[in-house]
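This is what each chain is made of:
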Amino acid sequence: MTVPTRSRAASQPRSSAPTEAPSPSTGSPSRRGTAPNPNGRRSPAAQRAYARRAERTGTARGTRGKATAARLGLQNWPRSRATFVIVLMALMLCGVATSLWLSTQAIADSYRLDQLKERNAQLAERAEQLRREVGRLQSPSSLAERAEALGMVPGGNPARLVVKEDGSITVVGEPVEAAKPRTATGLGADGTGEAP
């Protein structure tokens, strides 16, 4: 008759050789070669070192976990196709509205530019007319006509005063009173045959 495996394992004597306790972080026996305490407890210094190590790995894992969660949150946004389609439609509507507004502004600016060009052409034509008018009014014939209309007469050849080195003054020429010119019929301005 055979003995069940459980009872056979229970009947085997336990070895009294001390075994190394696995370290909590790696699950393998301690690598330093130091045997743990016979009662299975760690020294206070080892406990503090393991606590510090656990704190460091916990903080690193927490930071890594937050970064991974943030990265996954960005990857999963938007979470549904409907939200994605709505966002795309809103962006397209904004783009269409902006392009319509810009095209309307461009058309209005082109009309304004045409009006300003037309106004500029009118002003340039007016400036050219004023230049021609000024040139006509500055001509000698026009000046003579206006002077005659004001009652002025030509001065003729006037006498000149010459001052010599000793301070004496000599009159050169005969001073003659200016007379009105004869009209085309040979009469003076008063209707007589000679000028007054």
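### Details of the overall build of the chain
The number of helices and strands found in the chain is four helices and two strands. When the 196 residues of the chain are sorted by exposure, 2% land in the buried category. Partitioning the intrachain contacts of the chain with sequence separation of at least 6 by distance along the chain shows that 18% fall at a separation of at least 24. Total accessible area on the chain stands at roughly 17800 Å², and carbon and sulfur atoms take up 59% of it.

### Observations regarding the pattern of salt bridges
The full count for this structure, using the stated rule, is three salt bridges. Glu128 is the salt-bridge partner of Arg131, the closest N and O atoms lying 3.0 Å from each other. Taken together, the positions of Arg131 and Glu128, both in helix H3 (residues 81–137) and three residues apart, correspond to about one turn of that helix. One salt bridge connects Glu133 with Arg136, and the closest N-O pair in it is separated by 2.6 Å. With Glu133 and Arg136 both in helix H3, this residue pair falls three residues apart, about one helical turn. Exposure remark for Glu133: the relative accessible area of 35% places this residue in the partly exposed category.

### Details of a nonpolar patch on the surface
On the surface, Phe84, Val85, Val87, Leu88, Met89 and Leu91 cluster together into a nonpolar patch covering about 530 Å² of accessible area. By the secondary structure assignment, Phe84 is in helix H3. Taking relative accessible area as the criterion, Phe84 reaches 44% and is therefore assigned partly exposed.

### A few points about the environment of Ser142
Within the fold, Ser142 resides in helix H4 (residues 140–149). Those residues in contact with Ser142 that lie beyond four places of it in its chain are Arg136 and Leu137.

Conventions used here
Residues numbered from 1 in each chain as written. Predicted model: local features only at pLDDT ≥ 70, side-chain atom pairs only at ≥ 80, totals over all residues. Heavy atoms only, no water. Helix = DSSP H or I, 4+ residues; strand = E, 2+ residues; numbered from the N terminus. Buried < 20%, exposed > 50% of the residue type's maximum accessible area, 1.4 Å probe, protein only. Contact = heavy atoms within 4.5 Å. Areas by Shrake-Rupley, 256 points an atom, 1.4 Å probe, with all protein chains shown as cover. Salt bridge = Lys/Arg side-chain N within 4 Å of Asp/Glu carboxyl O. Patch = residues over 30% accessible without salt bridge, like charges linked within 9 Å, V, L, I, M, F, W, Y side chains within 5 Å.

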